[in-house]
Structure formats: structure tokens, C-alpha cells
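Tertiary structure, described
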Amino acid sequence: MIYTTARVVTDRPHRYIKQLVSHMGRKVPAELDEDRGSIRFSIGSCLLVASTGHFDMIVKAGTADAVAAVEDSITGHLLRFATKDTLTVDWLPLVRPAAAEDDAALLALDRAAWTAGSGLPSTRVEERTAYFNERRKPETHLVAALGGQVIGAVSVHRTNPFPEGAHVFGLWNLLVAGQARRMSVASALLSAAERRAGSQGATKIGLRVLATNTGAIRLYEQHGYAVEGRYVDEFLIDDSYVDDISMGKRLTPTSQGTV
């Protein structure tokens, strides 16, 4: 899947979301609740999320042409509704390659997103002043951004130093900000990571996840990852033994492309 986003600045975000969902819901499935709406086309979908002074739109589709078609439809209807406002709609990739300048934002995101169920407490003992280091490098990371704000990240790169294992990549440190949950950000990061790995010759991606991180396990399973191994009682966390689970996914040709 390919994901794009646009932030529309307006003092009436709820009104525009309601108009879009109500109008387009006459022809295609659409839903509306307090702060968000969704519109589902046969070729893709658009999620709309209201906030103070703006709303975000996230388009998802399987091909670049389908993404462009959904963007054009949403943009055209929105601008026709804006008879009294001057709205700007600039579509950007939801996920982009990380840069060294993202360090502070990623460090803050890493601190906020970490929980005892998702990681090892010993890794939090030392207070870090930077996210990137010799082990974590910008060139292996992807970030998700809404309106210029980093809201998610993931790292993907080769795991095996031997040429016989060059086709296997690993996925690490998938992070999503709390305020960005239920916005398909994790799915967008996974899709982009798979495309990046595929473009670099990967035919398989593996990952490790604590058994206590049930939400992440469900997410990975929904995206086609399967359990390949279970390291029983691998860690002792808060006086309880926790299994470490190995999961993997074989990439299809359609997963192999550029971010």
C-alpha cells in the first residue's frame, strides 16, 4: 500500500469533514464520528481527522495512480465546498526517509512511545541525549510525518553479515505517537519498510517482539507476518519471565519498490 497525507489549515475542520463525508457518502461508503471521517472508494480510501485549527487527510491505495485519483477526487470536492475560505491542499508522502535533523523529534517520540510491555527496562536506565548513534543511523530509518511533525518511525536493514543471508532484512523499533493511533501510521510504516527492503534486494523480513506486546503482534499478523520461533522465558521483566517471539514475512514482487 501507498500512503499520502495533506494538512488543511482552517478554523472549521469539523464542518469540512462533515461536508465531504455527507456528500461523497451518497455514492461510496463513508462514515463519520466526533473527530474523524472515512471515505472508501473501490480503488482506495481517505481518512480525515480533525484537530484545533486544521484537519489531516490520509489517502491509502495500492498503486500510485490510484492514490492520485483519490487525492484528485477529495481535493476537487473540498475546494468546491470552500466558497468563503481559501484552502491549500498539498499532498505529501506520509512516510519519508529519516534525516539527521529528525534526531530530537525521534528521541522525544522514543521516550513517549516506550512501555514496559514493548521493551526491556534496562535499556531505559541510561538517559540518552540523542536518538541516532553508531547502531541507529538515519539511513536505515523511515519516519512518518503529519504537517511537518514526526509521529512515527521504523528501522529496516540487513541482519546477516554473510552473503548467503543478504536477502533477509530485519525490522526494528516501530514507533507511533499516541495522538496518531488509529490513523494507519503503523501500517504505512510497515508498507514503506517492506518497499525499501525489497528495493535493496530483500525477499524476506524478520523481527522480534516480546510476547507481552500483544498489540504489536496482532498488527504484524494482520500484515502477513507469521511466528517462526519462540524463545521461552528469554527475559525476566518485573519478576516475570517473558517469551521473545520471532516473526517473519516473505516479500512478494509487488512489495519490492522504492519508498
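The structure under discussion appears in the preceding block.
An account of the accompanying structure is given in this report. (Residues numbered from 1 in each chain as written. Predicted model: local features only at pLDDT ≥ 70, side-chain atom pairs only at ≥ 80, totals over all residues. Heavy atoms only, no water.)

This brings us to the overall build of the protein. Each helix and strand in the protein was counted, giving 5 helices and 13 strands. Compactness check: the protein gives a C-alpha radius of gyration of 20 Å against a globular reference of 18 Å for 259 residues, within 12% of the reference. Taken over 259 residues, the protein has a buried fraction of 47%. By sequence separation, contacts in the protein at least 24 residues apart represent 62% of the contacts at least 6 residues apart. Entry remark: accessible area of the protein is about 13,600 Å², with carbon and sulfur atoms responsible for 52%. (Helix = DSSP H or I, 4+ residues; strand = E, 2+ residues; numbered from the N terminus. Rg over C-alpha atoms; globule rule 2.2 N^0.38 Å. Buried < 20%, exposed > 50% of the residue type's maximum accessible area, 1.4 Å probe, protein only. Contact = heavy atoms within 4.5 Å. Areas by Shrake-Rupley, 256 points an atom, 1.4 Å probe, with all protein chains shown as cover.)

With that settled, consider the sheet that holds strand β4 (residues 44–51). With respect to topology, 6 strands assemble into an open sheet ordered β2-β3-β4-β5-β1-β6, the strand pairing being antiparallel. The open sheet has two edge strands, β2 (30–32) and β6 (92–93), and neither has a second partner. Here strand β1 (residues 2–9) pairs with β6 via 2 bridges, running antiparallel. Of the residues in β6, the one forming a bridge with Thr5 is Leu92. Most of the contacts of helix α2 (residues 64–81) go to strand β5 (residues 54–61), to which it runs at about 150°, and overall it touches β1, β3 (36–40), β4 and β5. (Pairing = 2+ DSSP bridges. Axes fitted to C-alpha atoms, helices over the stretch in contact; angles between N-to-C directions.)

Counted according to the given criterion, the structure contains 11 salt bridges. Between Arg96 and Asp102 there is a salt bridge, with the nearest N and O atoms lying 2.9 Å from each other. Note on Asp102: relative accessible area 8%, which makes it buried. Salt bridges linked by common partners bring Asp11, Arg12 and Asp85 together as one network. (Salt bridge = Lys/Arg side-chain N within 4 Å of Asp/Glu carboxyl O.)

Pairing in this open sheet of 7 strands is mixed, and the strands run β7-β8-β9-β10-β11-β13-β12 from one edge to the other. Sheet topology places β7 (95–97) and β12 (226–237) at the edges, where each strand pairs with a single neighbour. Strand-to-strand twist across the sheet, computed as the mean angle between neighbouring axes with direction ignored, equals 25°. Relative to strand β9 (residues 149–158), strand β8 (residues 141–146) runs antiparallel, the two sharing 6 bridges. Paired with Leu142 across the bridge in β9 is Val154. Its contacts with the sheet place helix α3 (residues 103–113) against β8, β9 and β10 (168–176), and it is angled at close to 90° to β9. Along the sheet face, helix α4 (residues 185–199) touches β7, β8, β9, β10, β11 (204–210) and β13 (240–250) and points at about 155° away from the line of β10.

Position of Val176 relative to the elements: it lies in strand β10. Residue Val176 is classed as buried on the basis of its relative accessible area, which comes to 11%. Excluding anything up to four places from it in sequence, Val176 contacts Leu109, Ala113, Ile151, Gly152, Arg181, Val185, Ala186 and Leu189.

Further remarks concern the pairing of β12. Two strands pair when backbone bridges link them, and β12 and β13 are joined in this way by 8 bridges, in the antiparallel orientation. Opposite Leu236, over in β13, you have Tyr241 as the bridge partner. In sequence, β12 turns back onto β13 through a hairpin of 2 residues, with Asp238 there showing a positive phi of about 55°.

Here we come to the side chain of Thr5. For Thr5, the position within the fold is in strand β1. What makes Thr5 buried here is its relative accessible area of 5%. Within the local environment of Thr5, its side chain forms a polar contact with the backbone oxygen of Met57, the two atoms lying 3.0 Å apart. Sequence-distant contacts of Thr5, that is, excluding residues within four places in its chain, are made with Met57, Ile58, Asp90, Trp91, Leu92, Pro93, Leu94, Ala145 and Leu146. (Polar contact = N/O pair within 3.5 Å; in protein donor to acceptor, adjacent residues only side chain to side chain.)

Between its first and last C-alpha atoms α4 spans 21 Å; for 15 residues at 1.5 Å apiece the expected length is 21 Å, and the two agree. Here α4 lies mainly inside the structure; 14 of its 15 residues are buried. Gly201 sits one or two positions beyond α4 and adopts a positive phi of about 100°. (Expected span 1.5 Å × (residues − 1).)

A few words on α2. Across its 18 residues, α2 extends 26 Å between first and last C-alpha, which sits within 8% of the 26 Å expected from 1.5 Å per residue. Every buried residue of α2 is accounted for by Ala66, Val67, Val70, Glu71, Ile74, Thr75, His77, Leu78 and Phe81. Its buried side turned inward, α2 meets β1, α1 (13–24), β3, β4 and β5.

Here the focus is the nonpolar core. Grouped together as the largest cluster of nonpolar side chains are 49 residues, with contacts concentrated most on Leu171 and Tyr220. Examining the composition of this core, we find that 8 residues originate from one element, α4, more than from any other. The contact partners of Leu171, leaving out residues within four places of it in the chain, are Val154, Ser155, Val156, Leu190, Ala193, Ile205, Gly206, Leu207, Tyr220 and Tyr225. In this structure, Tyr16, Val28, Val67 and Ala82 belong to the second largest nonpolar core, which totals 27 residues. (Core = buried A, V, L, I, M, F, W, Y, C linked by side-chain atoms within 4.5 Å.)

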